[in-house]
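# Examining the three-dimensional arrangement
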Amino acid sequence: MKKFLSLILVVSFLIMLLTPSTKISAATTFNYGEALQKAIMFYEFQRSGKLPSTIRNNWRADSCLDDGKDVGLDLTGGWFDAGDHVKFNLPMAYTAAMLAWAVYEEKDAFVKSGQLKYILDEIKWATDYFIKCHPEPDVYYYQVGDGDIDHMWWGPAEVVHLRTKRPSYKVDITSPGSTVSAETAAALAAASIVFKDTDPQYSNLCLKHAKELFNFADKTRSDAGYTAATNFYTSHSGFYDELTWAATWIYLATGDTSYLDKAESYVEFWSTEPQTDIMSYKWGHCWDDVRYGAQLLLARITNKPIYKESMERHLDYWTVGVDNSRIKYTPKGLAWLNNWGSLRYATTTAFLAAVYAGWEGCSPQKAKIYNDFAKAQVDYALGSTGRSFVVGFGENWPQHPHHRTAHGSWYDSMNVPDYHRHVLYGALVGGPGESDNYRDDISDYQCNEVACDYNAGFVGALAKMYNRYDGRPVPEFKAIEVPEDEFMVEAYVSSSDKNYVEIKTRLNNRTAWPARVSEGLSFRYFIDLTEVIEAGYGPNDLIISGGQGSSGKVSGPHLWNKEKNIYYIEVDYTGDRLFPGGQDHYRRDSSLRIAVPGNSGCWNSENDPSFKGLSKASEFKKAEYIPVYEYGVKVAGIEPEGTVVQPSPSPTPTPTPPHSDDVLYGDINNDKTVNSTDVTYLKRFLLKQINSLPNQKAADVNLDGNINSTDLVILKRYVLRGISKLPYAP
């Protein structure tokens, strides 16, 4: 009897150890509304292509506008995959499908939180791209960009096309890719459901492409042509899970039972646990294996034990355990599956658990366990251990996610600068190791990378939490940042005496709000010639030259203030393309030498406005009194008399003079839109590369009666959303 009691105690103790604490606190632990809002916003930062004016940040702009030109198509749009700039359609399609599933399950939560518009915009951003990638029924472009080449460069998305080639890759009838084609079919079918009420025409378009892609995937049943992504996104689960997933979503979109029959016909090909006939249950729903989500949907549709039992076995493995086997838990309570993206698996399984728990076919006892599990995993991600794993949310959140554009390097290095210039709001990082160990380090792409698929299930889980526990999104939240120095001259005094001065200069383009190319930069070195004039010489007697290694056109002295004898030397790089893309691209080094005739000894650098604060230690340092200009308009630095450029993300325009309503100011090429093409037209006109403009009147965007470099700067600021309307009179 004692042995029997001892055995009972041991078994009870083991069960206690194996069962996670899943008690739900009565009070809301976190602001799930804010977390949901920011998790959706993350996708705005991942956008590729031409961005709309509704974008809610000031550090992303148009990018990769030539995608697809190598194959004669427009393949712009879509999302960059993670912290890189490749468009991998397999995880992208999985992401779009999961976001659509979240809306399908919890539309009311998105409506109540005010986030429905934003998540639908993101889904459509992806599905628009998928439709472009599908020009023929049996042709699908599944990737843009080369992963190996892309990962060799570290810089912002807006200039990646200047540093790397971006080839397009396709699958077709002779070289098929069933996994990626079926996953995209699922995404488009799910999207067709969530757009059916608001945009039935677009819903039908999505469904048309979904059916064609599914048929393509089903009749080929091969991934032989899917080769470009194999080092990054190889589907180890095969394609039958995607075929099931796609057919199920098409059935839900159409009610056509032939697709349901198709979905169930693949069940015999589903993977099983080793040396058993039990369906696999020890992994997690993800871009590679969507069978778990498919079987959940089939359980609800058919109420068949085969799907219900398999789904509960899977969720039990993640919660209470199955046959004395349970997923590993970290000491602080994370259900931990894998080193790579541990939070992605836990939060996605949390979404599935909450969805299944809400089905009437789930028992109340299991529903409580699954709901408690879902909350515990979401709360872990949001900071229940004292550290948030969501950028820009909660306390002690990640400062250094592995993300090129958010980092904002101009140097082609993840170590320069040693901080992130942007906040990547809402990004769920990979997460901790099995002992809760975590490094907030930009170089740690296991713990600290972010990805579209990481946030995909997380958004759905947050919608579930918001619907159950509430929370308040931040009113009118936008990721508008105050820019730091973007243009500057660094300089030092290399040598000087009473006859001359030689300055080493470095002109910088470190733009990041957003990153951009400039071909019209110059800087001015201001000098006080009082002592030279008092010695009987004039400005034209100075000997001005660019020293060894100089580039740019040196001119002057030019008069600035006759009364105070202030002049300037200009070094002009107009026509030279500078952009934040690495050492050879973001800077131009030169040497400026100013000398008086002979050995007159009348030179004194100390009274020169631009000499103020210059380093004399042969080390480049910011020279704020050497101002920088773009097409003649000052963009950085301090001119004599203390005129300072203060960068601002959203300048307030002054009232403009009356103007004709029939002129769309800025629309220089008469295409009824104002965009970067108009900037190019005006730039070429000012550089005298073209003799006239299609719409000359529209180019005078400040209404001063002239078309000059000031108009170009204003137009660029408008296109980059620095100002809100044209015409604009600063």
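Residues numbered from 1 in each chain as written. Predicted model: local features only at pLDDT ≥ 70, side-chain atom pairs only at ≥ 80, totals over all residues. Heavy atoms only, no water.

Scanning the chain from terminus to terminus reveals 19 helices and 17 strands. Each principal axis of the C-alpha atoms in the chain carries an extent, and together these give about 115 × 65 × 50 Å. Within the chain, buried positions represent 58% of all 730 residues. Taking as baseline every contact in the chain between residues at least 6 positions apart, the subset at least 24 positions apart corresponds to 72%. (Helix = DSSP H or I, 4+ residues; strand = E, 2+ residues; numbered from the N terminus. Buried < 20%, exposed > 50% of the residue type's maximum accessible area, 1.4 Å probe, protein only. Contact = heavy atoms within 4.5 Å.)

What follows covers the sheet that holds strand 14 (residues 628–630). Within the open sheet, the 5 strands sit side by side as 10-11-8-14-15. Their pairing is antiparallel. Across the chains shown, the open sheet's two edge strands, defined by having one partner strand only, are strand 10 (553–561) and strand 15 (633–636). When strand polarity is set aside, the average angle formed by the axes of neighbouring strands in this sheet is 35 degrees. For strand 14 and strand 15, the ladder comprises 3 bridges, and the chain directions are antiparallel. By the bridge assignment for strand 15, Glu 630 is matched with Val 633. (Pairing = 2+ DSSP bridges. Axes fitted to C-alpha atoms, helices over the stretch in contact; angles between N-to-C directions.)

Further remarks concern the domain arrangement of the chain. Taken domain by domain, the chain consists of domain 1 (64–269), domain 2 (273–481), domain 3 (487–636) and domain 4 (662–729). Just the C-alpha atoms count here: the centres of domain 1 and domain 4 sit 37 Å apart. (Domains from an automatic or database assignment.)

Once that is clear, we can look at the pattern of salt bridges. Applying the stated criterion across every chain, the model contains 40 salt bridges. For Lys 117, the salt bridge is made with Asp 121, and the minimal N-O distance between the two is 2.8 Å. Note that Lys 117 and Asp 121 are positioned in helix 4 (residues 116–132) at a spacing of 4 residues, about one turn of the helix. The class for Asp 121 is partly exposed, based on a relative accessible area of 31%. Across the salt bridge formed by Asp 138 and Lys 219, the nearest N and O atoms sit 2.8 Å from each other. Residue Asp 138 is found in the loop between helix 4 and strand 2 (139–144), and its partner Lys 219 is found in helix 7 (residues 200–220); the two are separated by 81 residues along the sequence. Ionic contacts of the salt-bridge type, sharing partners, join the residues Asp 67, Lys 87 and Arg 166 into one network. (Salt bridge = Lys/Arg side-chain N within 4 Å of Asp/Glu carboxyl O.)

Turning to unusual backbone geometry, a few remarks are in order. Of note, the bond from Trp 513 into Pro 514 is cis; its omega dihedral lies within 30 degrees of zero at -10 degrees. Checked against the element boundaries, Pro 514 lands in the loop between strand 7 (500–509) and strand 8 (521–528). One non-glycine residue with positive phi stands out, namely Arg 221, at about 45 degrees. For Arg 221, the position within the fold is in the loop between helix 7 and helix 8 (240–254).

Strands sit in the order 1-2-3 across an open sheet of 3 strands; the sheet is antiparallel. Every other strand in the sheet has two partners, leaving strand 1 (87–88) and strand 3 (168–172) as the edge strands with one partner each. Looking at chain direction, strand 1 and strand 2 are connected through 2 bridges and run antiparallel. Residue pairing in the sheet places Lys 87 in a bridge with Val 144 of strand 2.

With that settled, consider the confidence of the model for the chain. For the chain, the mean per-residue pLDDT works out to 91, and 91% of the residues sit at or above 70. A low-confidence stretch, residues 1–27 (pLDDT under 50), is modelled with 18 contacts involving residues beyond four sequence positions or located in other chains. When the criterion is pLDDT under 50, residues 645–660 qualifies, and its contacts beyond four places in sequence or with other chains add up to 33 contacts. (pLDDT = per-residue confidence, 0-100.)

Taken N-terminus to C-terminus, the directions of helix 13 (residues 364–382) and helix 15 (residues 452–469) make an angle of 110 degrees; their axes are 10 Å apart at the nearest point. Looking at the two axes, helix 13 sits roughly perpendicular to helix 15. The hand of the helix 13/helix 15 crossing is left-handed. Across the interface between the two elements, Asn 371, Ala 374, Lys 375, Val 378, Ala 381 and Leu 382 of helix 13 pack against Phe 458, Ala 461, Leu 462, Met 465, Arg 468 and Tyr 469 of helix 15. In terms of residue class, the contact of helix 13 with helix 15 is built from 9 nonpolar, 1 polar and 2 charged. (Parallel < 35°, antiparallel > 145°, perpendicular 65-115°, else oblique. Left-handed = near helix turned anticlockwise from the far one by under 90°. Nonpolar A, V, L, I, M, F, W, Y, C, P; charged D, E, K, R; others polar.)

Over its 17 residues, helix 6 (residues 178–194) runs 24 Å from end to end, which matches the ideal 24 Å to within 8%, given 1.5 Å per residue. Across the 17 residues that make up helix 6, a large majority, 17, are buried. (Expected span 1.5 Å × (residues − 1).)

A word on the environment of Ile 40. Relative to the assigned elements, Ile 40 resides in helix 2 (residues 32–45). We classify Ile 40 as buried; its relative accessible area is 1%. Along the primary structure Ile 40 and Asp 572 are separated by 532 residues, whereas in three dimensions their C-alpha atoms are 44 Å apart. Apart from residues lying up to four places away in sequence, Ile 40 is in contact with Phe 110, Gln 115, Tyr 118, Ile 119, Glu 122 and Val 459.

A separate point is the environment of Phe 80. Following the sequence through the fold, Phe 80 ends up in the loop between helix 2 and strand 1. As for Phe 80 and Tyr 43, which are separated by 37 residues in sequence, their C-alpha atoms are 9.2 Å apart. If sequence neighbours within four positions are ignored, Phe 80 has contacts with Gln 46, Arg 47, Ser 48, Arg 60, Ser 63, Cys 64, His 85, Val 86, Lys 87, Ala 157, Arg 166 and Cys 452.

Looking at the secondary structure, you find Ser 280 in the loop between helix 9 (257–265) and helix 10 (291–302). With relative accessibility at 10%, the residue Ser 280 sits in the buried group. Discounting chain neighbours no more than four positions away, the residues touching Ser 280 are Ser 271, Thr 272, Glu 273, Arg 291 and Tyr 292.

In this section: the packing of aromatic side chains. Tallying each qualifying case throughout the model produces 36 aromatic pairs. Relative to Phe 130, the ring of Tyr 129 has its centre 6.0 Å away and its plane inclined at 50 degrees; by these criteria the two rings are tilted. The exposure class of Tyr 129 is buried, given its relative accessible area of 1%. By the ring-pair criterion, three or more aromatic residues cluster together here, those being Trp 101, Tyr 104, Trp 245, Trp 249 and Phe 351. (Phe/Tyr/Trp six-rings, centres within 6.5 Å; stacked < 30°, edge-to-face > 60°.)

Before going further, it helps to spend a moment on the packing of helix 3 (residues 89–113) against helix 8. The geometry of a pair of packed helices is captured by two quantities: the angle between their axes and the separation between those axes. Across the interface, helix 3 lies against helix 8 with an axial gap of 13 Å and an inter-helix angle of 35 degrees. Handedness of the helix 3/helix 8 crossing: left-handed. When helix 3 is examined against helix 8, the residues Ala 97, Met 98, Trp 101 and Tyr 104 are found in contact with a partner set consisting of Trp 245, Trp 249 and Leu 252. Grouping the constituent residues of the contact of helix 3 with helix 8 by class yields 7 nonpolar, no polar and no charged.

Below, the discussion takes up the environment of Val 71. Within the secondary structure, Val 71 sits in the loop between helix 2 and strand 1. Val 71 sits 99 residues away from Lys 170 along the chain, and the two C-alpha atoms are 9.8 Å apart. Apart from residues no more than four positions distant in its own chain, Val 71 is found in contact with Tyr 141 and Ser 168.

Because an α-helix completes one turn every 3.6 residues, residues spaced three or four positions apart along the sequence face the same direction. Helix length check: helix 3 (25 residues) gives 29 Å between terminal C-alpha atoms against 36 Å at 1.5 Å per residue, more than 12% under. Within helix 3, 20 of the 25 residues are buried, leaving the element largely enclosed by the surrounding structure. Looking one or two residues past helix 3, Gly 114 carries a phi angle of roughly 75 degrees, positive in sign.

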